[in-house]
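# Fold and contact review
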Amino acid sequence: MTEQARTLVVEDDPAVAVVHRGFVESHPRFVVVGEARNGADALRLAAALRPDLVLLDLNLPDIGGLDVLRRLRLLPGPPIDVVATTAARELDSVRQAMAGGVLAYLVKPFTAATLRERLDEVWQRREDVRRAQDTLDQDEVDQLLAGPRSVTTAPPKGLSERSRDLVREALVRLCGVAGGSARDASAAEVAESVGMSRVSARRYLEHLVAEGYAQVTPRYGATGRPENRYRPA
């Protein structure tokens, strides 16, 4: 069995935490070993569980996420990889997170495909470090510092360019962009408009998001289970 990277999800919103946990556990090489709702619990669980990766919300109710990041670096043992998840888009927040050594900075809301791409990169970096010798030459140092190359999202199997264009046109039409009253649409609404299954429509919509032609926003209901809503980018 392939070794899995043990992951701690730090997120103060329980509904969002459920989504992020599902995103992580959909990746075969990662498993969630704990969840924390605030900074104090994040540090306590990180010290007790020694995860390989922390998915760290930067907006926490007690200790700022950037402060949690700095304290994680003080824990004994091998460094813990950190992926920041936040709604903060300010340059200062991004720069401080980079200075703290985050491997990725994801702006909420993000898709499962986006997180999976970052997790692929985290896994590849871990493999590069594992295979490295105790003493490195300059080229090997440069490669580790540069990190893995970005992984491009492959189109879904059997993707039809014609169907993709139909889905894109339907999304624009449903969202009323041309009329100035833009809204969003669900995969079910797009599917009905195009005449395909909801599952197929969702696959095309996610591919449009990966291509940059659409945006996705999860809408959380009473059960905490989100429905993704799409709109043209």
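Residues numbered from 1 in each chain as written. Predicted model: local features only at pLDDT ≥ 70, side-chain atom pairs only at ≥ 80, totals over all residues. Heavy atoms only, no water.

Broken down by element type, the chain carries 9 helices and 8 strands. In the chain, buried positions account for 40% of the 233 residues. Sequence separation of at least 24 residues holds for 60% of the intrachain contacts in the chain that already meet a minimum separation of 6. As presented, the chain carries roughly 13000 Å² of accessible surface, and 50% of it is formed by carbon and sulfur atoms. (Helix = DSSP H or I, 4+ residues; strand = E, 2+ residues; numbered from the N terminus. Buried < 20%, exposed > 50% of the residue type's maximum accessible area, 1.4 Å probe, protein only. Contact = heavy atoms within 4.5 Å. Areas by Shrake-Rupley, 256 points an atom, 1.4 Å probe, with all protein chains shown as cover.)

Right, let's talk about the nonpolar core for a bit. Counting 24 residues, the largest nonpolar core has Val10, Val54, Leu56, Val68, Leu72 and Val82 as the members making the most contacts within it. Mapped by element, the contributors of at least two residues to this core are strand 1 (5–10), helix 2 (39–49), strand 3 (53–57), helix 3 (65–72) and strand 4 (81–86). Leave out the neighbours within four places in its chain, and Val68 touches Gly39, Ala42, Leu43, Leu56, Leu60 and Ile63. Grouped together as the second largest cluster of nonpolar side chains are 17 residues, Phe30, Val32, Leu115 and Trp123 included. (Core = buried A, V, L, I, M, F, W, Y, C linked by side-chain atoms within 4.5 Å.)

With that settled, consider the pattern of salt bridges. Where charged atoms of side chains with opposite charge meet at close range, the side chains can pair. Counting across every chain of the model gives 12 salt bridges. Residue Glu35 is joined to Arg37 by a salt bridge in which the shortest nitrogen-to-oxygen separation is 3.0 Å. Accessibility expressed as a relative area gives 30% for Arg37, which makes it partly exposed. Note that Asp184 and Arg229 form a salt bridge whose closest N and O atoms lie 3.1 Å from each other. Residue Asp184 is located in the loop between helix 7 (161–175) and strand 6 (185–186), and its partner Arg229 is located in strand 8 (residues 226–232); the two are separated by 45 residues in the primary sequence. Given the relative accessible area of 9%, Arg229 is considered buried. (Salt bridge = Lys/Arg side-chain N within 4 Å of Asp/Glu carboxyl O.)

Moving on, we come to the confidence of the model for the chain. Averaged over all residues, the pLDDT of the chain equals 82, while 82% of them reach at least 70. Low pLDDT (under 50) marks residues 149–154, which in the prediction has 9 contacts with non-local residues, meaning those over four places away or in another chain. Ignoring residues within four places in sequence, the model shows residues 177–181, a span with pLDDT below 50, making 5 contacts including any to other chains. (pLDDT = per-residue confidence, 0-100.)

Here we come to the pairing of strand 2 (residues 30–36). Here 6 bridges tie strand 1 to strand 2, and the two strands are oriented parallel to one another. If you follow Thr7 over to strand 2, its bridge partner there is Val32. Taken together, strand 1, helix 1 (residues 14–25) and strand 2 form a β-α-β motif whose crossover is right-handed. (Pairing = 2+ DSSP bridges. Right-handed = clockwise from strand over helix to strand, strands pointing away.)

The next point concerns the packing of aromatic side chains. To describe a pair of aromatic rings, one takes the distance between the centres and the angle between the planes. Counted according to the given criterion, the structure contains 2 aromatic pairs. Seen in terms of ring centroids, Phe23 and Phe110 are 6.4 Å apart; in terms of plane orientation they differ by 55°. Their pairing is tilted. Of this pair, Phe23 sits in helix 1 while Phe110 sits in the loop between strand 5 (104–107) and helix 5 (112–131), and the two are 87 residues apart along the sequence. For the ring pair Phe30 and Trp123, a centre distance of 6.1 Å and an interplane angle of 70° mean the geometry is edge-to-face. Of this pair, Phe30 sits in strand 2 while Trp123 sits in helix 5; the two residues are 93 residues apart in sequence, bridging distant segments of the chain. Residue Phe30 is classed as buried on the basis of its relative accessible area, which comes to 1%. (Phe/Tyr/Trp six-rings, centres within 6.5 Å; stacked < 30°, edge-to-face > 60°.)

Now for helix 9 (residues 198–211). In this model, helix 9 (14 residues) spans 20 Å end to end at C-alpha, consistent with the 20 Å of a helix rising 1.5 Å per residue. Here helix 9 has its buried residues at Ala201, Tyr204, Leu205, His207, Leu208 and Val209. (Expected span 1.5 Å × (residues − 1).)

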